[in-house]
Amino acid sequence: MAGEQNNIDDLLLENRKFPPPVDFQKNALVAGTFLYDEARADDEGFWARQAAELLHWDTDWHTICEWNLPYAKWFVGGQLNVSFNCLDRHVLAGRGDKVAIHWEGEPGDTRTITYAQLLDETKKFANVLKSLGVAKGDRVNIYLPMVPEAAVAMLACARIGAAHSVVFGGFSSQALADRINDASAKVLITADGGYRRGEVFALKPAADEALANTPTIEHVVVVKRGGNDVNMVDGRDHWYHDLMAEASLDCPAEPMDSEQLLFLLYTSGTTGKPKGIMHTTGGYLTHVTYTHKYVFDLHPESDVYWCTADVGWITGHSYIVYGPLSNGATQVIYEGVPNFPGNDRLWSIVEKYGVTIFYTAPTAIRTFMKWGDQEPAKHDMSSLRLLGSVGEPINPEAWMWYRDTIGRGTCPVVDTWWQTETGGIMISPLPGATTLKPGSATFPLPGITAEVVDESGARIDHGGGYLTLTRPWPGMLRGIWGDPERYKETYWSRYGDRYFAGDGAKLDADGYLWLLGRVDDVMNVSGHRISTTEVESALVSHPAVAEAAVVGANDATTGQAIIAYVTLRGGSSVDEGDLRNHVAKEIGAIAKPKTIYFTPELPKTRSGKIMRRLLRDVAEGRNLGDTTTLADASVVNELQKRAAEAPSED
Ligand code: 7RM
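Residues numbered from 1 in each chain as written. Predicted model: local features only at pLDDT ≥ 70, side-chain atom pairs only at ≥ 80, totals over all residues. Heavy atoms only, no water.

A. Region of interest: the site of the ligand. Around the ligand, 17 residues are found, and the nearest of them are Asp415, Thr416, Thr420, Asp503 and Lys609. A distance of 3.3 Å separates a nitrogen atom of the ligand from a polar atom in the backbone of glutamate 392. Taking arginine 518, its side chain carries an N or O atom lying 2.9 Å from an oxygen atom of the ligand. Burial of the ligand by the protein chains amounts to 92% of its free accessible area of 530 Å². Of all the secondary structure elements, the ones that give two or more residues to the shell around the ligand are α11 (314-326) and β25 (513-518). Looking at side-chain class alone, the shell around the ligand contains 7 nonpolar, 5 polar and 5 charged residues. (Near = heavy atom within 4 Å. Polar contact = N/O pair within 3.5 Å; in protein donor to acceptor, adjacent residues only side chain to side chain. Areas by Shrake-Rupley, 256 points an atom, 1.4 Å probe, with all protein chains shown as cover. Helix = DSSP H or I, 4+ residues; strand = E, 2+ residues; numbered from the N terminus. Nonpolar A, V, L, I, M, F, W, Y, C, P; charged D, E, K, R; others polar.)

Below, the structure written as structure tokens:
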């Protein structure tokens, strides 16, 4: 309950537990506590061992970690090349013919790309970049659909020490121009268009619009994918295939300093201009290689891994490009939407490629629930052995559905908490070692220390509060591009020398961590600080509900009142009053929504996060703020219309 400390209430009680299945444990990389024990005894030594074991270094480091709060440097003095680690070393070890990428286009066309082929493409494209004047330290913008060239472009930048800045193919020309200008990028890599929901969407025209206001761009490389007509500006714009036909295959990987800038990735945040999050070379690659291996219990010789993210999201950087390739994994990359041509597209891909490890977002899982159990039932998905989740808190019922319906009731589910800023996974089970609880990200990984603090910054060991990280970690952001003050202010000012993630979290009696959503979204009802996550989970635990978003809207009596937006499962219906009572029964009367709106869709970002800020605007009758990062803008217009029409409850 709300204490004097003004912490976040702890309302939801979840008692189900799932120890690692015996079969899974038999072959698991980690089945006991040894990694935790080692890391607890000496975390820097632990990370140094990971860096040495998992990566190829051209020069050894002299200092594991140099920590001048809030700036960290890792493996100082060490040198390595990221593309060498992701490609050359596998080929040199005789694994050149191993499939790196099973790529499936939305229309059904496919490409199979081995490590040797990916290396050749990367070397050639690195030479292309050089021929366009790109040098170490420069920035290159990437604005592509989910085609293999996106990975090639990123790896080619890494090979020559240029930093990439990937912008979601779905973002507007204005968003692209802002990001190019903030980074002063020299080259833009884009495509004519890509496939989405059965149609070609044009990218080059959007890029052209941006390019009218991006004075630093000297050259544009255009990948042919959509086949749509494009305008090519003489001298500035070049077809990827033309440049590649001329490019030399000779491009040795140059050793880079461990702290060489690897990429910028912009996070939109809820306020202000996008922040260019900076990631560097040695620490980042150590972190993503280590987490990809152990969290997904990767057996590269037999696993087929599939992460459904877009490369424009940090998950695509860390767990499609860098982590899996560094580990020599075989993976699936799919270009399109999950419901083309039918709602079973993903499951047909699982069956076709024999996917063993599947990593997706809660928003996708709840959408699959909405579409119904008959879709996965059409396919043989017995190859799956491990499931992962990332991006938002996963409601316990969605977790159970995922495990039961996608994972046959036997696959462990790893709920992985992390951020663009953390670079890689921070809080997650190890599937062969951790007893799972549905909806809990469980514990910090070996090498990571996370603590929950109260309003005053004091550590608490039970109940709700604010998630902080207490020690530097290798994949941590190195700053915000061009704005050191904002870096300090955003992450390092609220709780002394702790990193503040901006998320609420609680610890249960067994020490399990439960993420409670962004603290900016926490609702204040009659003095109770209520997390959006817990009310949403209570709503989703009703059998008729697939997805829910709640917000606190100004209320004359209670300060804020809970307004819920609910999407039902296919073929289900429920009475609003019954649903409100269901929430009261699950987590208490204080958390009962005042009003529930039923809606077929919720407003989401392109990476699938619910945009509660917009729902709050709708609920309080305000004009909508920035909607440029919304996946489908028509959703909020529809909700606004209904809010204006709806009689208010009570
Ligand atoms: C990887 C990614 C970061 C924010 C983070 C949280 C939320 C992500 C989980 C989660 C609960 C999770 N990077 N978040 N994963 N919340 N459980 N497993 O999403 O920069 O785009 O977003 O996403 O609020 O702070 S991100």
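So that's the structure; there's more coming.
B. Examining the nonpolar core more closely. Membership of the largest hydrophobic core comes to 138 residues, with the highest contact counts inside it found for Phe125, Ile189, Phe296 and Tyr322. Here this core takes 10 residues from helix α6 (residues 148-160), the largest share from any one element. Those residues within four positions of isoleucine 189 in sequence are excluded, and the remaining contacts are Phe125, Leu129, Val140, Asn141, Ile142, Tyr143, Leu144, Ala153 and Val221. (Core = buried A, V, L, I, M, F, W, Y, C linked by side-chain atoms within 4.5 Å. Buried < 20%, exposed > 50% of the residue type's maximum accessible area, 1.4 Å probe, protein only. Contact = heavy atoms within 4.5 Å.)

C. Quick peek at the pairing of strand β1 (residues 63-68). Relative to strand β2 (residues 71-76), β1 runs antiparallel, the two being bridged by 5 bridges. Note on β2: the bridge partner recorded for glutamate 66 is lysine 73. In sequence, β1 turns back onto β2 through a hairpin of 2 residues. (Pairing = 2+ DSSP bridges.)

D. Spatial organisation of the environment of glutamate 536. With respect to the secondary-structure elements, glutamate 536 resides in helix α17 (residues 532-540). A C-alpha to C-alpha distance of 9.9 Å links glutamate 536 and isoleucine 394, two positions 142 residues apart in sequence. Once residues within four sequence positions are removed from consideration, glutamate 536 is found in contact with Asn395, Ala548, Ala549, Val550 and Arg612. From its side chain, glutamate 536 meets the backbone nitrogen of valine 550 in a polar contact 2.9 Å long.

E. Representation of unusual backbone geometry. In this structure, the amide linkage connecting leucine 69 to the following residue, proline 70, adopts the cis form with an omega of 0 degrees. Of note in this structure, aspartate 297 is not a glycine but carries a positive phi near 45 degrees. Among the structural elements, aspartate 297 can be located in the loop between α10 (282-295) and β16 (304-307). Accessibility expressed as a relative area gives 3% for aspartate 297, which makes it buried. The residue serine 526 is not glycine, and still its phi comes out positive at about 50 degrees. With respect to the helices and strands, serine 526 occurs in the loop between β26 (523-525) and β27 (528-530).

F. Here's a closer look at the sheet that holds strand β18 (residues 357-360). Ordered in space as β5-β4-β17-β16-β18-β19-β20, the 7 strands form an open sheet in which the pairing is mixed. The open sheet has two free edges, formed respectively by β5 (110-114) and β20 (413-415), since each of these has just one partner strand. Taking each pair of neighbouring strands and ignoring which way they run, the sheet shows an average axis angle of 20 degrees. Of the pairings in the sheet, the one linking β18 to strand β19 (residues 386-389) comprises 4 bridges and is parallel in character. Residue pairing in the sheet places tyrosine 359 in a bridge with glycine 388 of β19. (Axes fitted to C-alpha atoms, helices over the stretch in contact; angles between N-to-C directions.)

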